[in-house]
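Each chain, written out:
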Amino acid sequence: MTSETTISSYFSISFGLVLIGQEIPYDIYINSSSHAVREKFVCILKKGRTLSQNELEDFREKYYQLYVNEEERPLYLRSLVLCPEGSDIEKTAAIKDSAIKHLKSVFEEGYEFTNEVLDETLEGCRESVESMVDVLEDYTITDMQKLIAELSFHDFYTYDHSINVAMYSISILKALKPSATRKEQVMAGMGGLLHDLGKVKIPTRIINNPGKLSENDFLAIKEHPKYGFDLLENHECGHSGINIEVIKRVVNEHHENFNGTGYPNNLAGTDISVFARITAIADFYDAITTKRSYHEVLSTQDALEVMAKSVGRKIDPKIFEIFRKNVDVILSGKSNVELPDDFDPCQPQNILPMQKVAPKIQRSDFFEKEEVDYGKVKKKKAS
Ligand SMILES: [Fe+2]
Ligand SMILES: [Fe+2]
């Protein structure tokens, strides 16, 4: 049986990400209209059905594009991790589309900024980040970097940047704490995704301006941590699965400097939320290494050297050290090879008998040494 509707709240999905040989948890539609403006979506496969590879090939031949109803986007996102046929790039692109859609609902001018809109955004961001955590489970910082380089970018800088910062924050947390729970990873990702939330209150011409900012524009931008914090502070969050206190702290503290010279509250050292210190490194690294249409980027090695110069002033030395080691390990390209025990250095060799070993994540006891305070927003210091 098929059902028809003319409401155009559908999004396109990739053929490569449709589950094969398992129950599909969402309805699949096609657009049966030939008019670009008068779309007519027809359900061609009801949820709960299982498709074989041949049936999917038939779909591919018959239909130009498949769609899913927006309301079932979370089900689609959750199914990505179950789809071994799909590539990680395709899956991450789908997650990125979803995150952009939710960020757009608050960033795009003309939207009314209600409690309801913010609530939907938070929930949508959580779904996107959970899917990110699942799909990119084994990803190191360097794997993230490679993936980010392959994803296409949006012309609104903040969307790409926020998604990249979420991806890096998750991988930095895992480097700091290899046993990080899924919940902690989601917190790191949510903090990264929403760190620049306060920019919704800054005019687009300023936040998208790649040129030199005037002093007044720069002062306006510096307000964004506080704006973001106020938005969340005045928000009644209706979702128990979202740790709003962690997000609030990341939003408010990601421009604090380790030596207390940052803004808005001149917090220093471990008074700055650990998630905000992680985000600050992810933020910095993405800004200088990810190719944009309008600026050149640094090589990984140069980026690490540039960042090393701000250690202790801007960024947390211990977190940076672990970050650097985890990037370096893979960078050298020699992390996953070793010489056999019977290797004889006195013997001439045409080719060194390197053998592959599984890449290691540098162990870190960072979280055992530092007591982590997830909640409690630090207040402005009395001057
Ligand atoms: Fe920021
Ligand atoms: Fe940022």
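Residues numbered from 1 in each chain as written. Chains lettered and ligands numbered in written order. Predicted model: local features only at pLDDT ≥ 70, side-chain atom pairs only at ≥ 80, totals over all residues.

(A) Geometry of the overall build of the chain. The helix and strand tally for the chain stands at 15 helices and seven strands. Per-residue burial for the chain yields a buried fraction of 37% across its 383 residues. If you take every contact in the chain between residues at least 6 apart in sequence, the share linking residues at least 24 apart comes to 71%. (Helix = DSSP H or I, 4+ residues; strand = E, 2+ residues; numbered from the N terminus. Buried ≥ 20, exposed ≤ 12 C-beta atoms within 10 Å, placed from the backbone. Contact = placed C-beta atoms within 7 Å.)

(B) Representation of the packing of helix 7 (residues 182-194) against helix 11 (residues 244-253) within the structure. Look at helix 7 against helix 11: their axes get within 9 Å of each other, and the N-to-C directions meet at 40 degrees. Classified by the angle between their axes, helix 7 and helix 11 sit oblique to one another. Helix 11 is crossed by helix 7, and the crossing has right-handed handedness. Between helix 7, through M187, M190, G191 and L194, and helix 11, the contact on the second element is made entirely by V246, I247, V250 and V251. Looking at the contact of helix 7 with helix 11, its residues break down into seven nonpolar, one polar and no charged. (Axes fitted to C-alpha atoms, helices over the stretch in contact; angles between N-to-C directions. Parallel < 35°, antiparallel > 145°, perpendicular 65-115°, else oblique. Left-handed = near helix turned anticlockwise from the far one by under 90°. Nonpolar A, V, L, I, M, F, W, Y, C, P; charged D, E, K, R; others polar.)

(C) Broad picture of the environment of P178. Mapped onto the elements of the fold, P178 is located in the loop between helix 6 (157-176) and helix 7. Along the backbone, P178 and F367 are 189 residues apart, and their C-alpha atoms lie at a distance of 9.8 Å.

(D) Just helix 3 (residues 88-107), in detail. When the terminal C-alpha atoms of helix 3 are compared, their 27 Å separation across 20 residues agrees well with the 28 Å that a helix rising 1.5 Å per residue should span. Listed as buried for helix 3 are K91, T92, A94, I95, K96, S98, A99, H102, L103, V106 and F107. Taken together, the buried residues of helix 3 touch helix 2 (73-80), helix 4 (115-135), helix 5 (141-150), helix 6 and helix 7. (Expected span 1.5 Å × (residues − 1).)

(E) Representation of the nonpolar core in the model. Ranked by internal contacts, the top residues of the largest apolar core, which has 78 residues, are M167, I172, I278, I281 and F323. Among the elements that make up this core, the one with the highest residue count is helix 6 (eleven residues). When residues of this core are sorted by domain, at least three fall in each of domain 1 (1-85) and domain 2 (87-334). (Core = buried A, V, L, I, M, F, W, Y, C linked by C-beta atoms within 7 Å. Domains from an automatic or database assignment.)

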